[in-house]
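The lines below spell out each chain.
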Amino acid sequence: MAMAALRREGRRLAPLISPQSLTALRSSLISEEQIPQGVRSISTQVVRNRMKSVKNIQKITKAMKMVAASKLRAIQTRAENSRGLWQPFIALLGDTPSVDVKKNVIITVSSDKGLCGGINSTAVKISRAVHKLNSGPDKETKYVVLGEKAKAQLVRDSKKDIEIILTELQKNPLNYTQVSVIADDILKNVEFDALRIVFNKFQSVVSFLPTMSTILSPEIVERETESGGKLGELDSYEVEGGETKSEILQNLAEFQFSCVLFNAVLENACSEQGARMSAMDSSSRNAGDMLDRLTLTYNRTRQASITTELIEIISGASALEG
Amino acid sequence: MASNAAVPFWRAAGMTYITYSNICANLVRNCLKEPHRSEALSREKVHFVSSKWVGGKPEKPTVRSDTPEH
């Protein structure tokens, strides 16, 4: 390390130093190099080591791709099945991203692990945009963060607005009980008029749609139906049983939140595996390209040194003969 | 209509609909016959770490887990 620094320093100072001192410097530097006496050809050791490390990295990325592919297959069916959970709610309560309320809570869904392309930064970017869109003089917008990666990005500039951070969601395979407990935790600890869940919706292995789902609090739902605003049609439904409408709406809003969050977490996990798969695929391809280039350089250098040696031997022999 | 009569009670106990439905779901799972029962119960494991933030500072994180720490 110190030697390398010295060499760099020497190169930088070279034009400033007079020729005599330069030769002195060079001889002192050469004596420090780890080249044995009498070796004239270029050492290929460095290239060989580099090739070995690139090959190892390629092996790792290939293995990660395989793992991501097998995980993706398991989680994709679950994510697609879970879409049936929120669709009835959209039919009944609708999805109203443009609703204007005082207390907004943005739930950013991200992954705990990295190496999965840009899905986490997309989720964070969309969350920031939603935050900006919903901030005003008498409004309050808070973050609830799911996953380590969005936390790392949001802590940098939105520290003040973070309410809860939830991590290590994917230690066990994702299931409804877990997500509903998380939803319960959020409901009990955060005051909100509208919850906005930001996640990456899985479309295919290479395309993910950043999506926002809006869940309104029961009071807001009631206000919207009574004023005949965006949810005016809800009044045409009949309420059965002994409960009042507000009770039903509260239960419904809570259940809707846990269902939508379940779907969001699954879709995001699915997108994560897909993104990781394509990222690892392209990185193993890059490693392959790099290996090809290094092999070419290596072989060319080796060939050149062999040719030089042959020429030396032949010319030496012919000098002896002549 | 027994469930209708129960509503005010679990609300008063500070439960949300989610907690209530989870307890009911767990009851149903416990009613399964043996090979299916343990399978269904082992599937629904809860594990996450939650930390509240107050004024830009994290508070001590709490671990919520069904599986004991090794």
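Residues numbered from 1 in each chain as written. Chains lettered and ligands numbered in written order. Predicted model: local features only at pLDDT ≥ 70, side-chain atom pairs only at ≥ 80, totals over all residues. Heavy atoms only, no water.

When helices and strands are tallied, chain B shows three helices and three strands. Scanning chain B from its N terminus toward the C terminus, one meets helices and strands in the order α-α-α-β-β-β. Across the 70 residues that make up chain B, the buried fraction comes to 26%. Partitioning the intrachain contacts of chain B with sequence separation of at least 6 by distance along the chain shows that 0% fall at a separation of at least 24. On chain B, roughly 4800 Å² of surface is accessible, and the fraction owed to carbon and sulfur atoms is 63%. (Helix = DSSP H or I, 4+ residues; strand = E, 2+ residues; numbered from the N terminus. Buried < 20%, exposed > 50% of the residue type's maximum accessible area, 1.4 Å probe, protein only. Contact = heavy atoms within 4.5 Å. Areas by Shrake-Rupley, 256 points an atom, 1.4 Å probe, with all protein chains shown as cover.)

With that settled, the discussion passes to the interface of chain B and chain A. At the junction of the two partners, chain B supplies 26 residues and chain A supplies 34 residues. Taken together, the two surfaces of chain B and chain A that pack against each other cover about 2700 Å², and 52% of this comes from carbon and sulfur. The three residues of chain B that bury the most area against chain A are B:Ile18, B:His47 and B:Trp53, which together make up 26% of that side's buried surface. In this structure, the connection of chain B to chain A is made through one salt bridge. Of the charged contacts in the structure, one is a salt bridge between B:Arg11 and A:Glu254, with a shortest N-O distance of 3.3 Å. Summed over the shared surface of chain B and chain A, the result is 15 residue pairs in polar contact (both at pLDDT 80 or more). Mapped onto the side of chain B that touches chain A, the elements with two or more residues apiece are α1 (2-12), α2 (17-30) and β1 (47-54) of chain B. Per-element tally for the side of chain B that touches chain A: the top contributor is β1(B), with seven residues. (Buried area = accessible area lost by both parts, 1.4 Å probe. Salt bridge = Lys/Arg side-chain N within 4 Å of Asp/Glu carboxyl O. Polar contact = N/O pair within 3.5 Å; in protein donor to acceptor, adjacent residues only side chain to side chain.)

The next thing to look at is the confidence of the model for chain B. When pLDDT is averaged across chain B, the result is 82; 84% of the residues are at 70 or more. Per-element confidence in chain B is highest for α2(B), whose mean pLDDT is 91, and lowest for α1(B), whose mean pLDDT is 68. (pLDDT = per-residue confidence, 0-100.)

A few words on the packing of helix α6 (residues 176-189) of chain A against helix α8 (residues 245-321) of chain A. Residue and element names in this part refer to chain A. Where α6 meets α8, the closest approach of the two axes is 9 Å, and the angle between their N-to-C directions is 125 degrees. The angle between α6 and α8 falls in the class oblique. The hand of the α6/α8 crossing is right-handed. Here Tyr-176, Val-179, Ser-180, Ile-182, Ala-183, Ile-186 and Leu-187 of α6 come into contact with α8, specifically with Glu-254, Phe-255, Phe-257, Ser-258, Cys-259, Leu-261 and Phe-262. In terms of residue class, the contact of α6 with α8 is built from eleven nonpolar, two polar and one charged. (Axes fitted to C-alpha atoms, helices over the stretch in contact; angles between N-to-C directions. Parallel < 35°, antiparallel > 145°, perpendicular 65-115°, else oblique. Left-handed = near helix turned anticlockwise from the far one by under 90°. Nonpolar A, V, L, I, M, F, W, Y, C, P; charged D, E, K, R; others polar.)

So, about unusual backbone geometry. Residues and elements named next belong to chain A. Backbone geometry places Leu-115, a non-glycine residue, at a positive phi of 55 degrees. The exposed category is assigned to Leu-115, whose relative accessible area is 56%. Located in the positive-phi region is Glu-168, a residue other than glycine, with phi close to 55 degrees. One can find Glu-168 in the loop between β3 (162-167) and α6. Since its relative accessible area comes to 35%, Glu-168 is described here as partly exposed.

All right, on to empty space enclosed by the protein then. Residue and element names in this part refer to chain A. Enumeration according to the criterion identifies one cavity of 30 Å³ or more in this entry. Counted as a void, the largest cavity has a volume near 60 Å³. For the largest cavity, the full set of lining residues is Leu-93, Gly-94, Thr-96, Thr-214, Ile-215, Leu-216, Val-221, Leu-231 and Gln-256. Residue contributions to the lining of the largest cavity peak at three residues, all from strand β5 (residues 207-216). Within the lining of the largest cavity, the residues separate by chemical class into five nonpolar, four polar and no charged. (1 Å grid on protein atoms, 1.4 Å probe; cavity = no way out; pocket = protein on both sides within 12 Å on 5 of 7 lines; lining within 4 Å. Points joined across faces, edges and corners; volume = space filled by probe spheres on them.)

To continue, consider a nonpolar patch on the surface. Residues A:Ile306, A:Leu310 and A:Ile314 make up a contiguous nonpolar surface patch of roughly 270 Å² in combined accessible area. Summarising the element assignment, A:Ile314 is placed in helix α8. (Patch = residues over 30% accessible without salt bridge, like charges linked within 9 Å, V, L, I, M, F, W, Y side chains within 5 Å.)

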